Amino acid sequence: MAERIGSVTSDVSRSDFLRACRGEATDRVPVWFMRQAGRSLPEYRAVREGVAMLDSCFRTDLVVEITMQPVRRYGVDAAIFFSDIVVPLKAIGVDLDIVPGTGPVVAEPFRDRAQLDALRGLEPDDVAPITAAASALVGELGDTPLIGFAGAPFTLASYLVEGGPSRDHRRTKQLMRSDPDLWHELAGRLARIAGDFLRLQVEAGASAVQLFDSWAGTLSLADYQELVAPHSRAVLEAVADLDVPRIHFGVGTGELLGAMGDVGADVVGVDWRVPLDDAVQRIGPDRSVQGNLDPTTLFAPADVVERQAARVIEAGRAARGHVFNLGHGVLPETDPDALARLVDFVHGYERD
Ligand code: 1CP
């Protein structure tokens, strides 16, 4: 990695975040937050005014600015690239939008084989403004690592098949069970798109990747292993030679943690339901963990937040490496000052 991009990268490589991902000792527990860039920040709301969410994701200047905002404000140990999991689908021409207050909405939900043609491969030109932002960010961030990300095939497919956010993922599960061949073709195409998207971000300078399978927790372990794991493995395999840590995260995935680690992750993201020391039992000793303060804890008094955060840090010591995070994204109503205090608390925490 250092040879490829030069001396700046070697400082990144020694960062607490990358060290914890690799299971190396750190002086302090590194911390960043899923959805650290977003509606909880007044400076985010200001720059997004009058610009649609998906338009902002294709504007190099806005991606750079929004990605930097939480790094400047909180001094977090990693930046997460400002984008969305549906961006590569938009980039190849899928007719979808991100509707305020709802999330991704697809104009023609996926129903049959004829629609597979619309899911062509991702070409570098499709995401040129995005990779330009990643390159610019590496310069701006200095020693702070940039995390690239993609949506995992199951979570991406659930938006395509349901047409938007879904509580029970009924149609996606129906497709998996009634036409497994078509399901595997769909998931295989999404895996290639996600893998290529991660690769392009790393080649532009991202020094870690996170694969979001946010909704995998809706599946039984047996269904996950048979119908989903091979495709998520293919995504992580696509960046295996690039020597960057691979983080794999989902919500409500307590029963899947071992399987999610086994598809090629270096770090497993854990939501708030499973204490990190229990999670380590399920994942095994050869991977680091990331998480897992309940995002709603930040609405409690400061001393309660600190007690809960200390519990997370203590439980995280069971792992070979621990990256502090919330158990899911920052809620839009969160007070940024509460996050700032949490970063200071984690950084100042004395481990003996
Ligand atoms: O106008 C707005 O501000 C819209 C809100 C918003 C934002 C800020 C959406 C719509 N996406 C994003 C950015 C985003 N999405 C990031 C930014 C980087 C950061 O973390 O700071 C990331 C990593 C994502 C990834 C994403 N999008 C996921 C995986 C992470 C997760 O939360 O589980 C998922 C499931 C999405 C879909 C999506 N996009 C937006 C919403 C509201 C949703 C979820 C909708 C649903 O409940 O299904």
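Just above, that's the structure.
Residues numbered from 1 in each chain as written. Predicted model: local features only at pLDDT ≥ 70, side-chain atom pairs only at ≥ 80, totals over all residues. Heavy atoms only, no water.

(A) Quick look at the packing of helix α9 (residues 153–162) against helix α10 (residues 170–178). Where α9 contacts α10, the two axes come as close as 8 Å, and the packing angle between them is 105°. When the axis of α9 is compared with that of α10, the two are roughly perpendicular. Along its contact with α9, which presents F154, A157, S158, V161 and E162, the element α10 presents R170, R171, T172, L175 and M176. Of the residues that constitute the contact of α9 with α10, the class distribution is five nonpolar, two polar and three charged. (Axes fitted to C-alpha atoms, helices over the stretch in contact; angles between N-to-C directions. Helix = DSSP H or I, 4+ residues; strand = E, 2+ residues; numbered from the N terminus. Parallel < 35°, antiparallel > 145°, perpendicular 65-115°, else oblique. Contact = heavy atoms within 4.5 Å. Nonpolar A, V, L, I, M, F, W, Y, C, P; charged D, E, K, R; others polar.)

(B) Broad picture of the site of the ligand. By nearness alone, 24 residues border the ligand, and R35, Y44, Y159, S214 and H328 come closest of all. Side-chain polar atom of H328 to an oxygen atom of the ligand: 2.6 Å apart, as the coordinates give it. Expressed as a share of its isolated accessible area of 880 Å², the protein-covered part of the ligand is 88%. The cavity that encloses the ligand is the largest pocket. Contributions of two or more residues to the shell around the ligand are made by α4 (42–48) and β3 (103–106). (Near = heavy atom within 4 Å. Polar contact = N/O pair within 3.5 Å; in protein donor to acceptor, adjacent residues only side chain to side chain. Areas by Shrake-Rupley, 256 points an atom, 1.4 Å probe, with all protein chains shown as cover. 1 Å grid on protein atoms, 1.4 Å probe; cavity = no way out; pocket = protein on both sides within 12 Å on 5 of 7 lines; lining within 4 Å. Sits in = over half its atoms within 2 Å of the grid points.)

(C) Examining the sheet that holds strand β5 (residues 208–212) more closely. Overall, parallel pairing links the seven strands, which are arranged β1-β4-β5-β6-β7-β8-β9 in an open sheet. Of all strands in the sheet, those with a lone pairing partner are β1 (79–80) and β9 (322–326), marking the two edges. Bridge analysis of β1 against strand β4 (residues 146–151) gives two bridges, and the strand direction is parallel. Counterpart to I80 in the pairing with β4 is I147. Where helix α14 (residues 276–283) meets the sheet, it contacts β7 (267–269), β8 (288–293) and β9, and its direction lies at approximately 145° from that of β8. (Pairing = 2+ DSSP bridges.)

(D) Here's a closer look at the nonpolar core. With 130 residues, the main nonpolar core has F17, W183, L186, Y224, F324 and L342 as its most contacted residues. In terms of residue count, the dominant contributor to this core is helix α11 (residues 180–203) (12 residues). When neighbours within four sequence positions are excluded, Y224 is seen to be in contact with D213, A216, L219, A229, S232, H248, L256, A259, M260 and V263. (Core = buried A, V, L, I, M, F, W, Y, C linked by side-chain atoms within 4.5 Å. Buried < 20%, exposed > 50% of the residue type's maximum accessible area, 1.4 Å probe, protein only.)

(E) Fine view of the environment of T218. For T218, the position within the fold is in the loop between β5 and α12 (221–237). Sequence separation of T218 and D168 is 50 residues, and the distance between their C-alpha atoms is 7.4 Å. Here T218 is in contact with F154, D168, H169 and K173, once residues within four sequence places are set aside.

(F) Molecular detail of the side chain of T297. Examined against the element boundaries, T297 turns out to sit in the loop between β8 and α15 (302–316). The class for T297 is buried, based on a relative accessible area of 12%. Discounting chain neighbours no more than four positions away, the residues touching T297 are V305 and Q308.

(G) How the structure looks around a negative patch on the surface. A contiguous patch of negative charge on the surface is contributed by D55, D95, D97 and E108. Within the fold, D95 resides in the loop between α7 (87–91) and β2 (96–99). (Patch = residues over 30% accessible without salt bridge, like charges linked within 9 Å, V, L, I, M, F, W, Y side chains within 5 Å. Salt bridge = Lys/Arg side-chain N within 4 Å of Asp/Glu carboxyl O. Lys, Arg positive; Asp, Glu negative; His and termini not counted. Charge placed at Lys NZ, Arg CZ, Asp CG, Glu CD.)

(H) A look at helix α8 (residues 128–141). The terminal C-alpha atoms of α8, which comprises 14 residues, lie 20 Å apart, in line with the 20 Å expected from a rise of 1.5 Å per residue. Here α8 has its buried residues at I130, T131, A133, A134, L137 and L141. Along α8, the residues classed as buried sweep out an arc of 150° about the axis, all on the same side. Where α8 is buried, its residues contact α5 (53–57), α6 (60–74), β1, α7, β4 and α11. Residue G142 follows α8 closely and has a positive phi angle near 60°. (Expected span 1.5 Å × (residues − 1). Arc of directions from axis to C-beta.)

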